[in-house]
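These are the residues of each chain, in order.
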Amino acid sequence: MTPTVMSHLEAIANLELQKVRERIERETQEKMQATSAMPRGGQLERAKLMIQLEGAEAMCFEYAQIWQNLLEEKNGGHLTRQNVNFILRKVRTVAAARKGSLMNPVHHRGLVSASGEIERRMHAVAARVTRDLELRIRRQEAFPPKRAAVMEAERPNINIAIHGAANVNLGTQVGTINAALTVISEQGESNQEVANALRELTDAVVQSQHLQEAEKQQTLEVIEEITKQAQSKPESRSLGKIKALVAGFHTLVAASNDLTALWSRYAPVIKNFFLPGAK
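Rules used in this analysis
Residues numbered from 1 in each chain as written. Predicted model: local features only at pLDDT ≥ 70, side-chain atom pairs only at ≥ 80, totals over all residues. Heavy atoms only, no water. Helix = DSSP H or I, 4+ residues; strand = E, 2+ residues; numbered from the N terminus. Buried < 20%, exposed > 50% of the residue type's maximum accessible area, 1.4 Å probe, protein only. Contact = heavy atoms within 4.5 Å. Axes fitted to C-alpha atoms, helices over the stretch in contact; angles between N-to-C directions. Parallel < 35°, antiparallel > 145°, perpendicular 65-115°, else oblique. Left-handed = near helix turned anticlockwise from the far one by under 90°. Nonpolar A, V, L, I, M, F, W, Y, C, P; charged D, E, K, R; others polar. Salt bridge = Lys/Arg side-chain N within 4 Å of Asp/Glu carboxyl O. Phe/Tyr/Trp six-rings, centres within 6.5 Å; stacked < 30°, edge-to-face > 60°. Lys NZ or Arg CZ within 6 Å of the ring centre and 35° of its normal.

## Quick look at the environment of L262
Link 1 in the chain: Looking at where L262 falls in the secondary structure, it is placed in helix α9 (residues 257-274).
Link 2 in the chain: The buried category is assigned to L262, whose relative accessible area is 15%.
Link 3 in the chain: Once residues within four sequence positions are removed from consideration, L262 is found in contact with E200, L201 and A204.

## Focus: the packing of helix α3 (residues 81-102) against helix α4 (residues 114-142)
Link 1 in the chain: In contact at an axis separation of 10 Å, α3 and α4 are set at 165° when each is read in the N-to-C sense. Between α3 and α4, the angle falls in the class roughly antiparallel. Like other packed secondary-structure pairs, α3 and α4 cross with a definite hand, here right-handed. On the side of α3, the interface is formed by R81, V84, I87, L88, V91, R92, A95, R98, K99 and L102, while α4 contributes I118, E119, M122, V125, A126, V129, T130, L133, E134, I137 and E141.
Link 2 in the chain: Residues belonging to the contact of α3 with α4 are distributed by class as follows: 13 nonpolar, one polar and seven charged.

## Some remarks on the pattern of salt bridges
Link 1 in the chain: For the coordinates displayed, the defined rule picks out 18 salt bridges.
Link 2 in the chain: Across the salt bridge formed by E10 and K90, the nearest N and O atoms sit 2.7 Å from each other. One end of the pair, E10, is in helix α1 (residues 3-34); the other, K90, is in helix α3, and 80 residues separate them in sequence.
Link 3 in the chain: Between E141 and R81 there is a salt bridge, with the nearest N and O atoms lying 3.8 Å from each other. Taken together, the residues span a long stretch of sequence, with E141 in helix α4 and R81 in helix α3 at a distance of 60 residues.
Link 4 in the chain: Accessibility expressed as a relative area gives 11% for R81, which makes it buried.
Link 5 in the chain: Connected through salt bridges with shared partners, the residues E57, E117, R120 and R121 form a single ionic network.

## A short note on the packing of aromatic side chains
Link 1 in the chain: For the structure shown, the criterion picks out three aromatic pairs.
Link 2 in the chain: Between F249 and W263, the aromatic rings sit 4.4 Å apart at their centres with planes inclined by 35°, giving tilted as the arrangement. Taken together, the positions of F249 in helix α8 (residues 239-252) and W263 in helix α9 put the pair 14 residues apart, joining distant regions of the chain. Note on accessibility: F249 and W263 belong to one class, buried.
Link 3 in the chain: Sitting over the face of the ring of F61, R128 holds its NZ or CZ atom 4.0 Å from the ring centroid.

In structure tokens form, the structure reads like this:
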């Protein structure tokens, strides 16, 4: 997508978001006024927090819809995996901003459960948008247009031709891995290297001529579990499980010289991510 086209889409999206923000703020204010008859206390504060959260969620969902509509219109009715990742980044930015604002005590006045509720609801927003976009792009892949509507430059990094039930399973696994890698890469620049390593390994497994379909599924299951561990907070990771996954991967790809060589290249990157300084 050229910078000129991108700048036009950004301008349109920002104008649309401003309209959405004004409407949601107006609706939120009306709902807040309706709580004036409630007695003061925890119940009132919770009701106000729920109203604020509903507004924040609505803004995120509508912003995702704005970008979905714009990109589908640009592409002739279809989304690419690149588009999906782009939309998720945009939505997470808005969700993070809304979460930061809601964490201000002025919105919940010391309500004990407020921070946990805000964290959970804003995290759920990104999860729901991810699910909805994944469902939409899968439907579009299942029912492709008669003529190509997506430019070659915007094809996803991992593109699987689905010819049978086994390959449908591979597509599901790759979609899950892609979604997790998007989250990992956005957690900081230090995560880019491991995200790229896992993405290249995924692509290589899918394209391998040496692995049978069942072997590909098993290998992708290992990559999927590694991405789940990488996506988790360090204190929530299972180092024993990670070590077992890393050891098992080499065994699964032993039949492929290309995959073995690629694993030798990226294994240190993955090990160092989970166990810095370990050999």
